[in-house]
Amino acid sequence: MSSVADPRLVRNTCIMAHVDDGKTSLADHLVASGGGGLLNPKLAGSARFMDHLPEEQRRAITMKSSSVALRHAHHTGVHRVHLIDSPGHADFCSEVSAAARLSDSALIVVDAAKGVRVQTHAALRQAFVERLCPCLVLNKLDRLITELRLTPEEAYARLRRIVDAVNSIYSELRSHSYFSSLLQDDRPGSDEEEDEDAFQPQKGNVVFACARDGWGFRIHSFAELYAEKHKEGGQLRRASQGAVGPVLR
Ligand SMILES: Nc1nc2c(ncn2[C@@H]2O[C@H](COP(=O)(O)OP(=O)(O)OP(=O)(O)O)[C@@H](O)[C@H]2O)c(=O)[nH]1
Ligand SMILES: [Mg+2]
């Protein structure tokens, strides 16, 4: 059955973040890889394909949510992904609400050099309220090296602080929703995952990326890549699951 006919193979995913954190640049690369020739990969990261209004291109800012259908080959089948890019500026928050309402999952982008800001908080809240399956994308990793000139330890500490901050916002949203449901005498069903951090690199829902230059990885894919290059497969895989995973929590 084709992905169009089978709803189990359709995903609606929105990209949400604070203004300028790199949503549209990230969308460019996803369109270039899954859009079936819609965008030349050489232009990805600079074309801002999803900013289709002349005003958006002129001001270099997203003002309206827009969507595109992509194909993604997965071991469970070929999926059709409806990707929705949303604006980051607070003036256009109704566009973000509409994008979240239509979606079943969300990419929450954070500029690694600037960290969590007010619209990141709003994006997390929106994803939580709409019960979206969230994935955190720590973008602009290049800035930690080229602009902030952080040492590897400093860069690690900064990324860890961001993941912790995002998790603490999410856990606050969870407890708030839990207590409100108790007040309404509508006890939520027990969910054992509720106690653990929502975003954990070792669970695969944290991506490290540079949307402008078109690279990104999760820690497992990075370990595989590095291991292949240095022929240290087992050792490195163990390190990624043992040392790097829990430390990055
Ligand atoms: N250094 C660096 N710059 C980036 C990266 N990703 C995006 N940018 C730059 O950040 C600026 C904003 O990028 P956009 O993709 O338009 O950001 P956005 O989140 O879509 O912005 P709004 O939709 O207006 O909120 C642009 O100048 C991009 O070139 C990155 O990984 N590294
Ligand atoms: Mg944008």
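- Under an unreviewed UniProt entry, the protein has the name Tr-type G domain-containing protein and belongs to Eleusine coracana subsp. coracana.

**Remarks on the site of ligand 1**
Line of reasoning, step 1. The environment of ligand 1 is made up of 18 residues, and the closest members are K23, T24, S25, T62 and D142.
Line of reasoning, step 2. The side chain of T62 places a nitrogen or oxygen atom 2.8 Å from an oxygen atom of ligand 1.
Line of reasoning, step 3. Within the complex, 86% of the 660 Å² of free accessible area of ligand 1 lies under protein.
Line of reasoning, step 4. At the level of secondary structure, the elements contributing two or more residues to the shell around ligand 1 comprise α1 (23–34) and α5 (141–146).
Line of reasoning, step 5. Sort the elements by how many residues they give to the shell around ligand 1 and α1 lands first, with three residues.
Line of reasoning, step 6. Its residues assigned to classes, the shell around ligand 1 shows four nonpolar, six polar and eight charged.

**A few points about the sheet that holds strand β1 (residues 10–17)**
Line of reasoning, step 1. In spatial order, the strands read β2-β3-β1-β4-β5-β6-β7; together these seven strands make up an open sheet with mixed pairing. Among the strands making up the open sheet, the edge pair consists of β2 (66–74) and β7 (215–217). Along the sheet, successive strands turn relative to each other by an average axial angle of 25°, direction set aside.
Line of reasoning, step 2. Examined bridge by bridge, strand β5 (residues 133–139) and strand β6 (residues 206–210) share three bridges and lie parallel to one another. Its bridge partner being in β6, L138 is matched across the sheet by F208.
Line of reasoning, step 3. Helix α3 (residues 93–102) contacts β1 and β3 (77–85) of the sheet and is inclined by roughly 155° relative to β1.

**Quick look at the coordination of the magnesium ion (ligand 2)**
Line of reasoning, step 1. Note on the magnesium ion (ligand 2): its protein donors are T24 (OG1) and T62 (OG1). The metal-donor distances range over 2.0 Å. Highlighted residues: T24 in helix α1 and T62 in the loop between α2 (54–59) and β2, separated in sequence by 38 residues.

**Re the pairing of β6**
Line of reasoning, step 1. In terms of residue burial, β6 counts as a mostly covered element, since five of its five residues are buried.
Line of reasoning, step 2. The alternating pattern of β6 places V206, F208 and C210 and V207 and A209 on opposite faces, both of which are buried.
Line of reasoning, step 3. Relative to β7, β6 runs antiparallel, the two being bridged by three bridges. Note that in β7 the partner of F208 across the bridge is F217.
Line of reasoning, step 4. Turn length for the β6-β7 hairpin, with the two strands adjacent in sequence and antiparallel, is four residues, and the turn residue G214 shows positive phi of about 80°.

**Details of the packing of aromatic side chains**
Line of reasoning, step 1. Applying the stated criterion across every chain yields a total of five aromatic pairs.
Line of reasoning, step 2. Residues W215 and F217 carry aromatic rings whose centres are separated by 6.2 Å and whose planes lie at 10° to one another, so their mutual orientation is stacked.
Line of reasoning, step 3. On the basis of relative accessible area, F217 is assigned to the partly exposed category, the value being 22%.
Line of reasoning, step 4. A ring pair is formed by F217 and F222, whose centres lie 4.7 Å apart and whose planes are at 35°; its orientation type is tilted.

**Re helix α4 (residues 118–129)**
Line of reasoning, step 1. Taking 1.5 Å of rise per residue, the twelve residues of α4 would be expected to cover 16 Å, and the 17 Å separating its terminal C-alpha atoms lies within 8% of that figure.
Line of reasoning, step 2. When α4 is considered as a whole, its buried residues turn out to be Q119, T120, A123, L124, Q126, A127 and F128.
Line of reasoning, step 3. Taken from the residues just after α4, R131 is the one with a positive phi, measuring 55°.

About the criteria used
- Residues numbered from 1 in each chain as written.
- Chains lettered and ligands numbered in written order.
- Predicted model: local features only at pLDDT ≥ 70, side-chain atom pairs only at ≥ 80, totals over all residues.
- Heavy atoms only, no water.
- Near = heavy atom within 4 Å.
- Polar contact = N/O pair within 3.5 Å; in protein donor to acceptor, adjacent residues only side chain to side chain.
- Areas by Shrake-Rupley, 256 points an atom, 1.4 Å probe, with all protein chains shown as cover.
- Helix = DSSP H or I, 4+ residues; strand = E, 2+ residues; numbered from the N terminus.
- Nonpolar A, V, L, I, M, F, W, Y, C, P; charged D, E, K, R; others polar.
- Pairing = 2+ DSSP bridges.
- Axes fitted to C-alpha atoms, helices over the stretch in contact; angles between N-to-C directions.
- Contact = heavy atoms within 4.5 Å.
- Donors = N, O, S within 2.8 Å, 3.2 Å for Na, K, Ca; no water.
- Buried < 20%, exposed > 50% of the residue type's maximum accessible area, 1.4 Å probe, protein only.
- Phe/Tyr/Trp six-rings, centres within 6.5 Å; stacked < 30°, edge-to-face > 60°.
- Expected span 1.5 Å × (residues − 1).

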